[in-house]
Amino acid sequence: MTTSEKSPYHTPAKFVGLAALAGTILPPVAFLFGAMSLDIVKGIMFVSTILWFVAAPWWMKVE
Amino acid sequence: MTAKDHEDAGHGMIDEVESPAVGSEYERERVPESALKGPSAFWGMYAGEHTAGTEFMIGPLFVKWGADAFSLIVGLLIGNLLAVLTWRYLTAPIACSERLTLYYKMEKIAGRGLVTVYNLANGLLFCFLAGSMITVSATAVGPFFPEGTIAMPTFSSTMPTGPAWIISCIVIGAAMTFVALKGYDVVALVGHYSAPWMFLIFLACAIVTLGKLGTTDVWALLTPPPGTAQSISFLGIVLFAWFCNAAMHIGMADLSVLRFAKKPSAGWASAAGMFLGHYVAWICAALLLIYWVKEKGVNPQEGKDPGTMVNDAVGWAGLICIIIAGWTTANPTIYRAGLAFQGVLPALSRTGATLLAGAVCIAAGIFPAFAMRLLDFVGVYGTILAPVGGLIVVDHFLADLVGIDRDPAAKSGASFNMAVLVAWLVPVLIGLSMTAVSPVNPWGFEVPPWYLPLPCTIACGILYILLSKFAGGRAAAAA
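Everything numeric in this text was worked out from a predicted model, so none of it was measured. (Residues numbered from 1 in each chain as written. Chains lettered and ligands numbered in written order. Predicted model: local features only at pLDDT ≥ 70, side-chain atom pairs only at ≥ 80, totals over all residues.)

*Asks:* Help me get a handle on the overall build of chain B, residues and values and all.
*Replies:* If you tally the helices and strands in chain B, you get 20 helices and zero strands. Relative to the globule expectation of 23 Å for 479 residues, the C-alpha radius of gyration of chain B, 22 Å, shows essentially globular dimensions. Projecting the C-alpha coordinates of chain B onto the three principal axes gives extents of approximately 70 × 45 × 45 Å. The proportion of buried residues among the 479 residues of chain B is 62%. Here the analysis covers contacts within chain B between residues at least 6 apart in sequence; of these, 85% occur between residues at least 24 apart. (Helix = DSSP H or I, 4+ residues; strand = E, 2+ residues; numbered from the N terminus. Rg over C-alpha atoms; globule rule 2.2 N^0.38 Å. Buried ≥ 20, exposed ≤ 12 C-beta atoms within 10 Å, placed from the backbone. Contact = placed C-beta atoms within 7 Å.)

What follows is the structure in structure tokens.
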């Protein structure tokens, strides 16, 4: 993963992208430890998926 | 395993599409120093390309075959390590020394006519591979409709399960083909962006499954119940992991990619694909079926379609993952199959060739046999395509030593090197006749196809040396 250099959206996209990745993996961990219901896990993962595909093009640059 | 799987089908007359990580120029010349790329360009590419929709099939197929925990955890580790070492110490050094595509290097050894034959084999195998990706993607459509609307295939399915299934495959396959015609670059980018998210979805599936099963003891979960028949051994798992991408490493298809590497150490980047896609993702996918077997009484011999299992674990995010994973790998595969067909039939337009490839892929996808026998198929794929790597190894390392010409077809101007054709076909035909996929087996025993790429490649190299010597050594290998 490389970062784009010029886009003013890069930094916010990076934060959103990282949050989306966290939202993809942390809810299942919470479910594993009984801290979250599966329905909520699925909902957060779906929203995180959408956020990831919004943020990734602004964050990840193709070399 | 994926399909970019690395083949950049085509040679000379047909232009080429590349992963975002590498350029598309220098098809018929050495890559110049100015175009070389550092290792970071390859790590993401390998990670993305080896985390595909078909990984959701391979893990559960190991469960079906009764693979034990030691084989899965240690065997896959060793097999994938051997694959990485092959990329690093065989493919990458040749790529960085020659700096040519596989096709151009083969053309120099085998002649342009024979490369066309290779392209045809490649194109057809691509179609079947893309077909199995269409099958996997189509299973993700079912959960969007009321239960029972689309009858899902099981491991034992070989024929279409009904009209709704056929329509699903046609719609998905047609969409993939349309994009292959119009928007390859977009899908390549989506694949690039998807890679980290997609890997986490695989991981999430496993974590949720562990939560549902109320344990984190993965070793115990991967241990089949007592009395389970083990259809694949430890060695079988090692060899499968090593050779499921045989066409790319010992088969040298990744010369097309790694020729852009500054140093052979870029070959280590294949570890990203092997250990994320072919280790973690396979084990995660295996856990999905284990849950359905333990908690829902599913027969492991019948299995459960990936769409239903993933939807049950992580919901729509997982279904999107299956569709994108299938799409981003099937789409370039269809495109490259089209290029391969165009190489065989130069009069065919790009559109016509891609439509032809798409139609073959859809037809293959409708029949679940290819996806449900994916382990066999990738073994056959490697057995057919890997041996050409033996020719290149001989040409690169041994030709001077054994007294045969390097790049004989280029030197003689021949378009069809018979020594290459015989050296390639004889081991492949003998090897395939030993497998269960062969209609005729005169040997009285069967060998799993993934045992064959290495012996066939070695046999091909030895035969090539002998036939070239017989044909006149340095004088005339190419007829």
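Okay, back to it.
*Asks:* Account for the overall build of chain A, with residues named and values stated.
*Replies:* The helix and strand inventory of chain A stands at two helices and zero strands. Contacts spanning at least 24 positions in sequence make up 68% of the contacts within chain A whose residues lie at least 6 apart.

*Asks:* Let's hear about the domain arrangement of chain B: which residues, and what values?
*Replies:* Residues and elements named next belong to chain B. One can read the domain layout of chain B as domain 1 (33-383) and domain 2 (386-479). Computed from C-alpha atoms alone, the centre-to-centre distance between domain 1 and domain 2 is 27 Å. Taken residue by residue, the interface counts 29 residues in domain 1 and 32 residues in domain 2. In terms of residues, the side of domain 1 that touches domain 2 owes the most to one element, helix H4 (residues 102-110), which gives six residues. (Domains from an automatic or database assignment.)

*Asks:* Mind laying out the interface of chain A and chain B, listing which residues take part and the relevant values?
*Replies:* At the interface, 22 residues of chain A touch 24 residues of chain B. Of all elements in the fold, only helix H1 (10-32) and helix H2 (38-59) of chain A reach the threshold of two or more residues within the side of chain A that touches chain B. Counting residues per element, the side of chain A that touches chain B draws most heavily on H2(A), which supplies 10 residues. Among the residues making up the side of chain A that touches chain B, the classes are represented as 17 nonpolar, three polar and two charged. (Nonpolar A, V, L, I, M, F, W, Y, C, P; charged D, E, K, R; others polar.)

*Asks:* Can you tell me about helix H11 (residues 270-296) of chain B, naming the residues and giving the values?
*Replies:* Residues and elements named next belong to chain B. The end-to-end C-alpha distance of H11, which contains 27 residues, comes to 37 Å, matching closely the 39 Å that a straight helix rising 1.5 Å per residue would cover. Of all 27 residues in H11, 22 are buried; the element is thus mostly enclosed. A positive backbone phi angle near 70° is found at Gly297, which sits one or two residues after H11. (Expected span 1.5 Å × (residues − 1).)

*Asks:* Give a description of the environment of Thr215(B) that names residues and reports values.
*Replies:* You can see Thr215(B) is positioned in the loop between helix H7 (184-213) and helix H8 (218-222). Those residues in contact with Thr215(B) that sit more than four places away from it in its chain are Leu210(B), Ala220(B) and Leu221(B).

*Asks:* Give a description of the environment of Ser412(B) that names residues and reports values.
*Replies:* Residue and element names in this part refer to chain B. One can find Ser412 in helix H18 (residues 408-412). Judged by the 16 C-beta atoms lying within 10 Å of it, Ser412 is partly exposed. The spatial distance from the C-alpha of Ser412 to the C-alpha of Lys37 is 34 Å, given a sequence separation of 375 residues.

*Asks:* How would you summarise the nonpolar core if you had to cite specific residues and measurements?
*Replies:* Residues and elements named next belong to chain B. Of all hydrophobic cores here, the largest spans 188 residues; its most connected members are Ala130, Ile134, Ile201, Cys205, Ala286 and Leu288. Considering each element in turn, this core owes the most residues, 18 residues, to H11. For this core, the domains that each give at least three residues are domain 1 (33-383) and domain 2 (386-479). (Core = buried A, V, L, I, M, F, W, Y, C linked by C-beta atoms within 7 Å.)

*Asks:* Can you break down the packing of helix H5 (residues 112-139) of chain B against helix H14 (residues 350-366) of chain B residue by residue, with the values?
*Replies:* Residues and elements named next belong to chain B. Close contact between H5 and H14 brings their axes to 7 Å; oriented N to C, the two are set at 50°. Judged by the inter-axis angle, H5 sits oblique to H14. Like other packed secondary-structure pairs, H5 and H14 cross with a definite hand, here right-handed. Along the contact surface, H5 presents Gly123, Cys127, Phe128, Ala130, Gly131, Ile134, Thr135 and Ala138, while H14 presents Ala357, Val360, Cys361, Ile362, Ala364 and Gly365. Tallied by class, residues from the contact of H5 with H14 come to 10 nonpolar, four polar and no charged. (Axes fitted to C-alpha atoms, helices over the stretch in contact; angles between N-to-C directions. Parallel < 35°, antiparallel > 145°, perpendicular 65-115°, else oblique. Left-handed = near helix turned anticlockwise from the far one by under 90°.)

*Asks:* Give a detailed account of the packing of helix H17 (residues 387-402) of chain B against helix H20 (residues 453-470) of chain B, specifying residues and quantitative values.
*Replies:* The relative placement of two packed helices is expressed as an angle between their axes plus a distance between the axes. Residue and element names in this part refer to chain B. Relative orientation of the contacting elements H17 and H20 amounts to 45°, with a least axis distance of 8 Å. As judged from the angle between their axes, H17 and H20 are oblique. In terms of crossing hand, the pair formed by H17 and H20 is right-handed. Across the interface between the two elements, Pro387, Gly389, Gly390, Leu391, Val393, Val394, Leu398 and Val402 from H17 touch Cys456, Thr457, Ile458, Cys460, Gly461, Tyr464 and Ile465 from H20. Grouping the constituent residues of the contact of H17 with H20 by class yields 11 nonpolar, four polar and no charged.

*Asks:* Can you lay out helix H13 (residues 316-344) of chain B for me, pointing to particular residues and giving the numbers?
*Replies:* For H13(B), which comprises 29 residues, the first-to-last C-alpha distance of 41 Å matches the rise-based estimate of 42 Å (1.5 Å per residue) to within 8%. When you tally the buried positions in H13(B), you get 27 out of 29 residues, the bulk of the element.

*Asks:* How would you explain unusual backbone geometry if you had to name every residue and give the values?
*Replies:* Residues and elements named next belong to chain B. Here the phi dihedral of Arg99 falls at roughly 55°; this positive angle occurs in a residue that is not glycine. For Arg99, the position within the fold is in the loop between helix H3 (69-98) and H4. The phi dihedral of Met252 is positive, around 70°, even though this residue is not glycine. Turning to its location among the elements, Met252 is positioned in the loop between helix H9 (234-243) and helix H10 (255-258).

*Asks:* How would you sum up the confidence of the model for chain B? Please name residues and give values.
*Replies:* Residue and element names in this part refer to chain B. The share of residues in chain B with pLDDT of 70 or more is 93%, and the mean pLDDT across the chain is 87. When mean pLDDT is compared element by element in chain B, H3 scores highest at 97, while helix H1 (residues 40-49) scores lowest at 80. Predicted confidence for residues 1-23 stays below pLDDT 50, and this span has 89 contacts to residues more than four positions away or in other chains. This model gives residues 475-479 a pLDDT under 50, and the stretch forms 19 contacts once residues within four places in sequence are excluded. This prediction of the complex comes with two scores: 0.87 for pTM and 0.91 for ipTM. (pLDDT = per-residue confidence, 0-100.)

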